[in-house]
Amino acid sequence: MREDHRTQHLHNHQRNKLSIITTLFTRATAYVAVVLLSYAMGYLSHSSPPQPTQAPPPPPPSVFQLANLPTQLDNFRITAHCSNSPLPPHLVFPTILDRVFNGSSPYTNFPPPHLSPFLKKRRIKSSGSNGAVFEQLIKRVKPKVIVEVGTFLGSSALHMVNVTRKLGLQTQILCLDDFRGWPGFKDIKMINGDVLLLQQFMQNVVYFNATDSVLPVPFSTGSGLEKLCEWGVTADLLEIYSGHDFISAWGDINRAYRILRPGGVIFGHDYFTAADNRGIRRAVNLFAEMNNLKIQTDGHYWVIDTAFAK
Ligand SMILES: C[S@@+](CC[C@H](N)C(=O)[O-])C[C@H]1O[C@@H](n2cnc3c(N)ncnc32)[C@H](O)[C@@H]1O
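Residues numbered from 1 in each chain as written. Predicted model: local features only at pLDDT ≥ 70, side-chain atom pairs only at ≥ 80, totals over all residues.

**Observations concerning the overall build of the protein**
Okay, so step 1: Each helix and strand in the protein was counted, giving ten helices and nine strands.
Okay, so step 2: Within the protein, buried positions represent 29% of all 310 residues.
Okay, so step 3: If you take every contact in the protein between residues at least 6 apart in sequence, the share linking residues at least 24 apart comes to 78%. (Helix = DSSP H or I, 4+ residues; strand = E, 2+ residues; numbered from the N terminus. Buried ≥ 20, exposed ≤ 12 C-beta atoms within 10 Å, placed from the backbone. Contact = placed C-beta atoms within 7 Å.)

**Remarks on the confidence of the model for the protein**
In low-pLDDT regions, the fine details of the predicted coordinates are not to be read closely.
Okay, so step 1: For the protein, per-residue confidence averages 84 on the pLDDT scale, and 75% of positions sit at 70 or higher.
Okay, so step 2: In the predicted structure, residues 42-48 sits below a pLDDT of 50 and forms zero contacts with residues beyond four places in sequence or in another chain. (pLDDT = per-residue confidence, 0-100.)

**Re the packing of helix H8 (residues 221-231) against helix H9 (residues 246-257)**
Okay, so step 1: At a closest axis distance of 9 Å, the pairing of H8 and H9 adopts a crossing angle of 10°. Put simply, H8 runs roughly parallel to H9. Along the contact surface, H8 presents Thr221, Gly222, Leu225 and Glu226, while H9 presents Gly251, Asp252, Arg255 and Ala256.
Okay, so step 2: Of the residues contributing to the contact of H8 with H9, the split by class is two nonpolar, three polar and three charged. (Axes fitted to C-alpha atoms, helices over the stretch in contact; angles between N-to-C directions. Parallel < 35°, antiparallel > 145°, perpendicular 65-115°, else oblique. Nonpolar A, V, L, I, M, F, W, Y, C, P; charged D, E, K, R; others polar.)

**Quick look at the pairing of strand S5 (residues 214-217)**
Okay, so step 1: Side-chain alternation along S5 places Val214 and Pro216 on one buried face and Leu215 and Val217 on a second face that is also buried.
Okay, so step 2: Looking at chain direction, strand S2 (residues 172-176) and S5 are connected through four bridges and run parallel. By the bridge assignment for S5, Cys175 is matched with Pro216. (Pairing = 2+ DSSP bridges.)

**Re H8**
Okay, so step 1: Within H8 the residues assigned to the buried category are Thr221, Gly224, Leu225, Glu226, Leu228 and Cys229.
Okay, so step 2: Trailing H8 by a residue or two, Gly232 shows a phi angle of about 90°, which is positive.

**Focus on the site of the ligand**
Okay, so step 1: Neighbouring the ligand are 17 residues, the closest being Ser126, Ser129, Gly150, Ser155 and Ser156.
Okay, so step 2: Each residue belonging to the shell around the ligand can be placed in one class, and the counts come to three nonpolar, eleven polar and three charged. (Near = placed C-beta within 6 Å.)

**Regarding the packing of helix H5 (residues 132-141) against helix H6 (residues 155-166)**
Think of two packed helices as two axes; the pair is described by the angle between the axes and how far apart they sit.
Okay, so step 1: Remark: H5 packs on H6, axes separated minimally by 10 Å, with the N-to-C direction vectors making an angle of 45°. Between H5 and H6, the interaxial angle falls into the category oblique. In this structure, H5 meets H6 at a crossing whose hand is right-handed. Contacts between H5 and H6 pair Phe134, Glu135 and Ile138 from the former with His159, Met160, Val163 and Thr164 from the latter.
Okay, so step 2: Here the residues of the contact of H5 with H6 are counted per class, giving four nonpolar, two polar and one charged. (Left-handed = near helix turned anticlockwise from the far one by under 90°.)

**A word on the environment of Phe179**
Okay, so step 1: The residue Phe179 is located in the loop between S2 and strand S3 (190-191) in this model.
Okay, so step 2: Each C-alpha atom, one on Phe179 and one on Phe219, is 7.8 Å from the other, the two residues being 40 residues apart in sequence.
Okay, so step 3: The residues contacting Phe179, other than those within four sequence positions of it, are Leu197, Leu198, Phe201 and Pro218.

**Section: H6**
Okay, so step 1: Spanning twelve residues, H6 covers 17 Å between terminal C-alpha atoms, matching the ideal 16 Å at 1.5 Å per step.
Okay, so step 2: Buried within H6 we find Ser156, Ala157, Leu158, Met160, Val161 and Thr164. (Expected span 1.5 Å × (residues − 1).)

**Observations regarding the pairing of S2**
Okay, so step 1: S2 sits mainly inside the fold: five of its five residues count as buried.
Okay, so step 2: Two strands pair when backbone bridges link them, and strand S1 (residues 145-149) and S2 are joined in this way by five bridges, in the parallel orientation. Residue pairing across strands places Ile146 opposite Ile173, the latter belonging to S2.

**Topic: the environment of Asp236**
Okay, so step 1: With respect to the helices and strands, Asp236 occurs in strand S6 (residues 235-240).
Okay, so step 2: The class of Asp236 is buried, set by 20 C-beta atoms lying within 10 Å.
Okay, so step 3: Separated by 29 residues in the primary sequence, Asp236 and Val265 have C-alpha atoms spaced 6.5 Å apart.

This is how it looks when you write it as structure tokens:
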């Protein structure tokens with residue numbers, strides 16, 4: 001009997017212990033479950049998409065808006081006013097002779113005896129200055145006045161003379177260049193730091209018997225284009241072949257465009273060379289976008305015919 005009682009007691013004790021363990025285990029499980037659930041809910045709420053009440057971010061500004069910011073335009077200020085009355089083509093050369101050369105031709109008595117020994121009878125060397133695009137555009141535009149921005153020794157200018165002669169056109173070509181080129185010429189004479197680029201260009205024009213149709217305008221593209229605009233010079237065809245960096249190309253194209261006759265054509269070189277991805281091409285693209293103009297290409301040349309809007 002006593003033995004039975006002890007066995008019963010032991011049994012009860014073990015049952016109580018089991019019940020405590022079970023209770024503890026259940027509580028711990030519940031606790032862990034609550035912790036896991038809270039964690040999962042936190043995670044889900046964190047990774048869920050933004051509430052529809054949040055405003056969407058504004059779209060990035062277009063290139064047009066950027067280019068028109070006052071801070072951008074301040075860097076490119078034009079102060080000179082263009083003439084309200086464009087010169088008729090037959091007055092363009094007399095005006096340049098008057099304004100730039102004190103009324104007399106720079107070819108008179110050229111070359112002077114003191115320079116003659118230093119000039120080559122004919123020295124024209126440059127590449128890419130006689131592409132088919134010249135003839136196509138001259139045929140299409142039949143220009144009375146061409147302005148070339150960037151002339152060097154006159155290779156492209158004299159090629160245009162040949163084309164206009166072949167087509168029987170009476171075309172006047174103004175060649176705007178500071179005739180400084182760049183440092184390091186080996187075969188063009190320099191006298192007291194003055195490289196004879198202008199003089200060799202003029203010698204080439206004389207050799208081609210083209211003094212009646214080609215005139216140099218020996219200034220920087222910036223000041224030269226502003227003056228042409230002020231004097232009322234307009235071009236039917238404008239060729240740009242000057243600075244290749246973005247800033248130069250941007251300034252030259254924008255300034256040149258102001259002297260383009262409405263409906264005329266502006267074109268230039270080196271649209272597709274690797275180096276000009278950040279220079280000429282970017283300037284031409286931005287210019288065309290801002291003015292709603294269409295760019296055509298021909299080899300490495302870019303062409304904008306203002307008769308065709310985009
Ligand atoms: C690549 S060359 C022109 C080539 C020429 N059209 C030919 O047929 O050989 C570039 C010319 O642009 C001129 N040039 C560059 N920047 C100029 C600037 N800011 N003002 C005036 N002339 C500039 C240089 O003096 C140089 O003669």
